[in-house]
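Residue-level listing of the chains:
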Amino acid sequence: MPVLEEMSYTVTRSRRKSVGIRLMPDSSFVVSAPLFMPEKELQKVLGSKLPWMRKAQKNAAENAKKAAEVGALSAEELKELAERALQVIPARVRYFAPLVGVSYGRITIRNQVSRWGSCSSAGNLNFNCLLMLAPSEVLDAVVVHELCHRKHMDHSEAFYAEVRRVYPSYDKWQRWLKTEGPVLMKRMWG
C-alpha cells in the first residue's frame, strides 16, 4: 500500500543515486527514484519525507494565497520585467565574474516557473525575470551562485565555499529567496 495515498504523485525512475521529491504548481509531487530501487524501499523513504511533503503543500497554499492578494502578473508586466532584467542582470554578471575569476557565455532572461537561474556546461547563464521583483541583494546572490557553477558544476562544499567567499551574505539572501521566492513564482501562473 503506497505511503502517499493521501497525496497525488508520480514516480519517474532514472540512473540517479537518491530519491528526489519536487512539489509541482498543482500541489502534486514528482518523485524521482533510482532505476532499481525496490518499491518497498521507495515507500519507506517517502514515508520518512511525509511530514516535509505536508509542510511543503501547506506552504505552497499559503504562498498561493499571498500571490493572489497581490495578483498574477500580466503578459505586459512580465515583458517589462524581462526588459528591465536585460538592462540590470548583465551588468551584475560583468561586475561579479572577475571577482569569481570566471568567464561566461550568453546571458538569457526567461519567465521560468521553477528556477531563479541556471548555468550550462558551455557557460551560458539563464536568469528569471522575476528577480527584478526581489531585493537587489537577492539578485546578486543568484548571479554569484550561477557564476560559481563555472568553477564547480555541483552543489558541493567547495562550491558553497566559493559562493560565500565572493558574496559573504549569500546565506541571508538565499533564505529570503527560499521563503519569499515561492510567492513571486506563484505570481507567474496566478
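Residues numbered from 1 in each chain as written. Predicted model: local features only at pLDDT ≥ 70, side-chain atom pairs only at ≥ 80, totals over all residues. Heavy atoms only, no water.

(A) Representation of the side chain of Asn 128 within the structure. If you trace the backbone, Asn 128 turns up in strand E6 (residues 125-128). At 2.8 Å, the side chain of Asn 128 forms a polar contact with the backbone nitrogen of Leu 130. In this structure Asn 128 touches Arg 110, Gln 112, Arg 115, Trp 116, Met 185 and Met 188, once residues within four positions along its chain are discounted. (Helix = DSSP H or I, 4+ residues; strand = E, 2+ residues; numbered from the N terminus. Polar contact = N/O pair within 3.5 Å; in protein donor to acceptor, adjacent residues only side chain to side chain. Contact = heavy atoms within 4.5 Å.)

(B) The arrangement of the sheet that holds strand E2 (residues 20-23) in detail. The strand order E1-E3-E2 describes an open sheet built from three strands, whose pairing is mixed. This sheet does not close on itself; its edge strands, each paired only once, are strand E1 (9-14) and E2. Strand-to-strand twist across the sheet, computed as the mean angle between neighbouring axes with direction ignored, equals 20°. Where E1 meets strand E3 (residues 29-34), six bridges bridge the pair, whose relative direction is parallel. Among the inter-strand pairings, Tyr 9 is bridged to a residue of E3, identified as Phe 29. (Pairing = 2+ DSSP bridges. Axes fitted to C-alpha atoms, helices over the stretch in contact; angles between N-to-C directions.)

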